[in-house]
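One-letter residues, chain by chain:
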Amino acid sequence: MNVTAPLEATDFVIFGGTGDLALRKLLPALLLRLRDGQLPTRTRVVAVSRAGLDDAGYRDKVRGALPEFVPGVTSGEIDDFAARLEHVCLDVDEPDDWHPLGDRLRERANPVRVFYLAVGPALFGTICHRLDEIGLVQPSSRVVLEKPLGHDLASAREINDSVGEVFAESQIFRIDHYLGKESVQNLLVTRFANSVFEPLWHATAIDHVQITVAESVGVGSRGGYYDSAGAMRDMLQNHLLQLLCLVAMEPPTQVAGESVRDEKLKVLQALTPLEDLDGACVLGQYTAGLVDGAAAPSYVEEVEAPSRTETFVALRAEVRNWRWAGVPFYLRTGKRMRERCSEIVVAFKPTPHPMFPGSEGTQEPNRLVMRLQPDESVRLHLVAKEPGPGGIRVRPVSLDLNFSQAFGAPSPDAYERLLMDVVRGNTTLFMRRDEIEAAWRWVEPIIRGVGARRPRPYAAGTDGPAAADLLIERDGRSWNEDVTR
Ligand code: NAP
């Protein structure tokens, strides 16, 4: 079976083509899709930046960078890819710089043109308008916007308005790479292609849901941006809320067109405003500690300035609708945590009556644990009889599905999948304007409400501040221990 149907020949124009995102994620993804024959050989990649590089200089730069980011790539594969790369030196803010880009793209045009904006959002509007002015935007063109899409509702609207003056909504791809992860798509399949789960996917059977996105890295070189954003804007407003939407949404009529995005929007609109901020929201900031046995500096040392920016947030959300009434969604994300691990845990209610003698305390309620990283897997925690004579003793066991073991191949990177969806014009796994704005509408009052708070310190290499444990323990629950094991 052909699992990678060939796509139309495309001109990828990457604004920020010399940046970290392009070198680490976008170019490796394009190389792999070309190598596998999904992208035709006529594909071109035109990188744009202010660096005074000609095509040869850019190719050398990419040749030097790729081996680190594409494990096992051969020099022949890199040379083959590099031959498709071009570089245009252009300062977005200089109107006179733009004409060479127009000349390049017109001299040999492919049917699809993708403008990938891997630059700061302050440049999005200018880039779109300049592209329009020099006649490069066609009905088959698409624009990809990287996060962050603004820092509040007003700035997100401003960006959306500006980009929307040039591109139709169907041409705009707001990327959230979490949605391109194999395991996140598998969440849709687990829910909607297996008839056993959906009847249970309801407040009558589900006790609560946990979503954790834990990173072991600190802010590194992104300190300047991060200090003005914090965990709430950088992770919660987009990645965690998108995951919550996929868990909580009603079954879409199809996984295509607008159905999925329509259902996600309804979830965002049903989020209960968080009023009890003291009880339902914990902020933290890492201090110096040990991560993987190595000394890690504090956040303040990394950004080299006193700061009240949160590097950790945990909160208790509720979705106010028929399906989820009374079911808490515990969300947490942080940097410099014990290990890199992202999981969604659907915790089912306990059985109504412990009928096996001596099973109290050992009969854990069922849990469905969907691990997004580092190893993508789905695990269903059940209770089974311990083998042997002498009565029935019960014990927790798990049914494990590790994707790379089950299917014999590692999952492709999220950017590979998402970039191909951009070429196809399939917006299902991208955020629509109204989703972004609904997410900001819910998060913004929380950010304002906790604005004056000093985040609680937590040592690097731990699970966040103790108050985050209290947040969930107060409800008689605890964070899933698999999450940080
Ligand atoms: P970066 O390493 O700082 O790269 C920025 C790129 O933009 C460089 O190629 C830079 O090249 C170019 N650039 C900046 N100003 C320009 C201008 N006026 N005209 C033309 N080119 C200009 O940043 P990054 O990490 O790649 O991130 C890019 C964007 O993606 C940011 O908004 C970031 O928040 C977002 N993002 C990044 C990641 C990631 O993993 N890195 C993940 C998600 C989202 P010159 O300076 O040479 O012009």
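So, here's what we can say about the structure.

How each quantity is defined
- Residues numbered from 1 in each chain as written.
- Predicted model: local features only at pLDDT ≥ 70, side-chain atom pairs only at ≥ 80, totals over all residues.
- Heavy atoms only, no water.
- Helix = DSSP H or I, 4+ residues; strand = E, 2+ residues; numbered from the N terminus.
- Rg over C-alpha atoms; globule rule 2.2 N^0.38 Å.
- Areas by Shrake-Rupley, 256 points an atom, 1.4 Å probe, with all protein chains shown as cover.
- Lys, Arg positive; Asp, Glu negative; His and termini not counted.
- Charge placed at Lys NZ, Arg CZ, Asp CG, Glu CD.
- Pairing = 2+ DSSP bridges.
- Axes fitted to C-alpha atoms, helices over the stretch in contact; angles between N-to-C directions.
- Contact = heavy atoms within 4.5 Å.
- Buried < 20%, exposed > 50% of the residue type's maximum accessible area, 1.4 Å probe, protein only.
- Right-handed = clockwise from strand over helix to strand, strands pointing away.
- Near = heavy atom within 4 Å.
- Polar contact = N/O pair within 3.5 Å; in protein donor to acceptor, adjacent residues only side chain to side chain.
- 1 Å grid on protein atoms, 1.4 Å probe; cavity = no way out; pocket = protein on both sides within 12 Å on 5 of 7 lines; lining within 4 Å.
- Points joined across faces, edges and corners; volume = space filled by probe spheres on them.
- Nonpolar A, V, L, I, M, F, W, Y, C, P; charged D, E, K, R; others polar.
- Domains from an automatic or database assignment.
- Core = buried A, V, L, I, M, F, W, Y, C linked by side-chain atoms within 4.5 Å.

## Structural notes on the overall build of the protein chain
On a plain count of helices and strands, the protein chain comes out with 15 helices and 17 strands. In terms of C-alpha radius of gyration, the protein chain reaches 24 Å, essentially the compact-globule figure of 23 Å for 485 residues. Along the first, second and third principal axes, the C-alpha atoms of the protein chain reach 80 × 55 × 45 Å. Carbon and sulfur atoms provide 52% of the accessible area of the protein chain, an area that totals close to 20800 Å². Positive and negative charge centroids in the protein chain, built from 55 and 68 side chains respectively, lie 3 Å apart.

## A look at the sheet that holds strand β2 (residues 44-49)
Read from one edge of the open sheet, six strands run β3-β2-β1-β4-β5-β6, paired in parallel fashion. With one partner strand each, in any of the chains shown, β3 (85-89) and β6 (172-174) form the two edges of the open sheet. This sheet shows a mean twist of 20 degrees between the axes of neighbouring strands, independent of strand direction. Pairing geometry for strand β4 (residues 112-117) and strand β5 (residues 141-145), over five bridges, is parallel. Across the sheet, residue Phe115 finds its bridge partner in β5, namely Val143. Sitting on the sheet, helix α4 (residues 99-107) touches β1 (10-15), β2, β3 and β4, and the angle it makes with β2 is about 180 degrees.

## Considerations on the pairing of β2
Along β2, six of the six residues are buried, which leaves the element largely enclosed by surrounding structure. Both faces of β2 are covered, namely the face carrying Arg44, Val46 and Val48 and the face carrying Val45, Ala47 and Ser49. Sheet topology places β1 next to β2; five bridges connect them, and they run parallel. Within the sheet, the bridge partner assigned to Val13 lies in β2 and is Val46. Running through helix α1 (residues 20-35), the crossover from β1 to the neighbouring parallel element β2 is right-handed.

## Overview of the site of the ligand
Neighbouring the ligand are 21 residues, the closest being Thr18, Asp20, Leu21, Arg24 and Arg50. Arg24 places a polar side-chain atom, nitrogen or oxygen, 2.5 Å from an oxygen atom of the ligand. Arg50 is positioned with one of its side-chain polar atoms (N or O) 2.7 Å from an oxygen atom of the ligand. When the ligand is considered free in solution it has 880 Å² of accessible area, and contact with the protein chains removes 76% of it.

## Side note on the layout of surface pockets
Space inside the largest pocket adds up to approximately 1500 Å³. Forming the walls of the largest pocket are 46 residues, and the residues nearest its centre are Arg24, Lys25, His177, Glu215 and Arg222. Classifying every residue of the lining of the largest pocket by side-chain character gives 18 nonpolar, 13 polar and 15 charged. Each of domain 1 (10-146) and domain 2 (179-413 + 427-473) gives at least three residues to the lining of the largest pocket. In this structure, the second largest pocket spans a volume of roughly 1200 Å³. Around the second largest pocket sit 36 residues that line it, and Glu182, Pro410, Ser411, Pro412 and Asp413 are the ones nearest its centre. Elements with a contribution of two residues or more to the lining of the second largest pocket: α1, α2 (55-69), α7 (182-192), α12 (403-407) and α13 (414-424).

## Description of unusual backbone geometry
In this structure, the amide linkage connecting Lys147 to the following residue, Pro148, adopts the cis form with an omega of 5 degrees. The residue Pro148 is located in the loop between β5 and α6 (153-164) in this model. Residue Pro374 is reached from Gln373 by a cis peptide bond, and omega for that bond is 5 degrees. Within the fold, Pro374 resides in the loop between β14 (367-373) and β15 (377-385). We note that Glu304 has phi near 55 degrees; this positive angle belongs to a residue other than glycine. Summarising the element assignment, Glu304 is placed in the loop between α11 (299-303) and β11 (312-318).

## With respect to the nonpolar core
One broad trend across soluble globular proteins is that nonpolar side chains are buried collectively. Ranked by internal contacts, the top residues of the largest apolar core, which has 149 residues, are Phe15, Leu101 and Phe329. The element best represented in this core is helix α8 (residues 223-248), accounting for 13 residues. The residue makeup of this core includes at least three contributed by each of domain 1 (10-146) and domain 2 (179-413 + 427-473). If we skip the residues at most four places from it in the chain, Phe329 touches Val209, Leu244, Val247, Ala248, Leu315, Arg316, Ala317, Val319 and Trp324.

## Some points on the side chain of Asp207
Position of Asp207 relative to the elements: it lies in strand β7 (residues 206-214). Only 2.7 Å separates the side chain of Asp207 from the side chain of His208, close enough to count as a polar contact. Only 2.6 Å separates the side chain of Asp207 from the side chain of Arg477, close enough to count as a polar contact. Apart from residues no more than four positions distant in its own chain, Asp207 is found in contact with Val327, Pro328, Ala347, Phe348, Lys349 and Arg477.

## A closer look at the environment of Phe124
By secondary structure assignment, the location of Phe124 is in helix α5 (residues 124-133). Note: C-alpha distance between Phe124 and Pro445 (321 residues apart in sequence) is 26 Å. Those residues within four positions of Phe124 in sequence are excluded, and the remaining contacts are Leu117, Val119, Leu145, Glu146, Leu149, Ile159 and Val163.

## Overview of the sheet that holds β15
With respect to topology, nine strands assemble into an open sheet ordered β16-β15-β14-β13-β7-β12-β11-β8-β17, the strand pairing being mixed. Looking at strand neighbours, the two that pair on one side only are β16 (394-402) and β17 (456-459), the edges of this open sheet. Averaged over all neighbouring strand pairs, the angle between strand axes comes to 20 degrees, with direction disregarded. Pairing analysis gives nine bridges linking β15 to β16, with the strands arranged antiparallel. Paired with Val383 across the strands is Pro396, a residue of β16. Lying over the sheet, α7 contacts β13 (341-348), β14 and β15, oriented at roughly 150 degrees with respect to β14.

These figures come from the coordinates and say nothing about function on their own.
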